[in-house]
Amino acid sequence: MTIHPLQTADSDHVLAELRRVFATGRTRPLDWRLTQLRGIERFVDEREPEIAAALAEDLGRSPAEAWLGDVASSKAEAVYARKHVKKWMRGQRQSLPLAQLPGRAWVQYDPLGVVLVIGPWNYPLYLSLAPLVAAVAAGNCAVVKPSELAPATSALLARLLPQYVDPHAVRVVEGDAAVTQELLAAGFDHALFTGGTEIGKKIMAAAAPTLTPVTLELGGKSPVIVAADADIDVAARRIAWVKLLNSGQTCIAPDYVLADHRIVDALVGKIVANLRDFRLGEADPKLPIVNQRQFDRLASLINATDGRVVTGGRSDNATLRIEATVIVDPPPTDPVMADELFGPLLPIVTVESVEHAVQFVNSRPKPLALYVFTSSGPRGRDLVNRIPSGGAVINHVAMHCLVPSLPFGGVGASGMGAYHGRWGFETLSHRRAVLAKTAKPDPRLLYPPYTQRALNIMRRLF
């Protein structure tokens, strides 16, 4: 696929067109918003075979994983927003102090205008459509810029999405990083980016000259803490399952495991067994990696580790595939413990206690997600409270992302801002304060010149 980057004038033209559409008020009514949300639902329902084929071409993903990772999740976001957006749009009455009576006050949610959605390659449909759901639910026009690293899905969105949503108000713009920079330079009312931390820094810098607000959904090394009292069978099964999804190329995948020394051997054995069992019947046990650059990075991490490789480790440069690889007790300075892995590698580190696990995680940048396995409810909540992270799950992995009523976002280096459900609606709305006063009464004492008596009264009132 040949990518023709936009010129600056083209970006400005796209934005100007959408601003004209927004200025007509076309996107504000509830009916328009509901129509777009239903359109997104129909798109993922009716086009699931084409979506699955595009994801297979881009990422080697199976139809089942395409449905779970991109189709079902996108539809759930649209359905939830459609059922609740009428309530979200209502103004929220606020009480007034005595000095402001008579009057009424409320907060209303106004659309921002034109929103830019910059999608990633790893879940190129879901992570383009979920922000779009928030944008149209809030009554905005939008530009969706899919990732050029998932060209088949990008082309599918450009070709088919306009058939399901208002093409005058929602545009799909394809292109590479230069196109993203041109779009950001045009000056949108909000930009939502999903991707890596280093690129997130560039997005924020590019948005700064136009003071474009940004929501950055980034990454980080999301840890799993397995306490001695955890259900080891369940923990191993759930960790292995999510680690295999999309070949581990998931921002909230378990990046490394901190396991209590009393159960670490059993946990390692069960994770290895599950990784093997989940791949039974596959023609090739190795997992597809998105491109040569990512393949080379992951292969070099395996070759450089000082940890003990207990399963996997093999790769095939010709097919860009790598085995699910478990690395036991790499040192804290090991390359696999440095940056987000974003692949089918799983370091498992032995710790003396959960207290040591807390110290280990908190000595590093704040992760996008924290996962805790324990049979003790109080212990699980205590660990969540003591370890900052974008989100957290007790006794499972990554499932919080699939709950539309929960905000999804990072903290610190793992991102800023949040969306999903009402949180996305509010992120892409302006919370506008409105005060309505009556013309009467209009006491003279409020206006200068002030007498001492007037000031005494005002001091008591205000």
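Because the structure is predicted, anything quoted here is derived from the model rather than measured. (Residues numbered from 1 in each chain as written. Predicted model: local features only at pLDDT ≥ 70, side-chain atom pairs only at ≥ 80, totals over all residues. Heavy atoms only, no water.)

Visitor: Explain the UniProt feature "active site" (unreviewed entry) in the protein chain to me, using residue names and the numbers behind them.
Guide: When the UniProt feature table is mapped onto this chain numbering, "active site" (unreviewed entry) sits at Glu217 and Cys251. A compact arrangement is adopted by the annotated residues: their sequence extent is 35 residues, whereas the largest C-alpha distance between any two is 9.0 Å. In this structure, the largest cavity is lined, among the annotated residues mentioned, by Cys251. As for its position among the elements, Glu217 is in strand β7 (residues 214-217). Discounting residues that sit within four places of it in the chain, Glu217 has contacts with Phe193, Thr194, Gly195, Phe408, Gly409, Gly410, Ser414, Gly417, Ala418 and Tyr419. Apart from the residues within four sequence positions on either side, Cys251 is in contact with Asn122, Leu218, Gly220, Ser222, Glu340, Phe342, Leu368 and Phe408. (UniProt positions renumbered as here; feature names shortened; annotations may be inferred. 1 Å grid on protein atoms, 1.4 Å probe; cavity = no way out; pocket = protein on both sides within 12 Å on 5 of 7 lines; lining within 4 Å. Helix = DSSP H or I, 4+ residues; strand = E, 2+ residues; numbered from the N terminus. Contact = heavy atoms within 4.5 Å.)

Visitor: Go over the domain arrangement of the protein chain with me, naming the residues and quoting the values.
Guide: Each assigned domain of the protein chain is listed here: domain 1 (11-90 + 112-218) and domain 2 (223-402). One C-alpha centre belongs to domain 1, the other to domain 2; they are set 30 Å apart. Taken together, the 13 residues of domain 1 in the interface contact 15 residues of domain 2. In total, about 1200 Å² of surface goes out of reach between domain 1 and domain 2, with carbon and sulfur atoms giving 59% of it. Along the contact surface separating domain 1 from domain 2 lie zero salt bridges. Contributions of two or more residues to the side of domain 1 that touches domain 2 are made by α3 (48-59) and α4 (63-89). Among the elements that line the side of domain 1 that touches domain 2, the one with the most residues is α4, at three residues. (Domains from an automatic or database assignment. Buried area = accessible area lost by both parts, 1.4 Å probe. Salt bridge = Lys/Arg side-chain N within 4 Å of Asp/Glu carboxyl O.)

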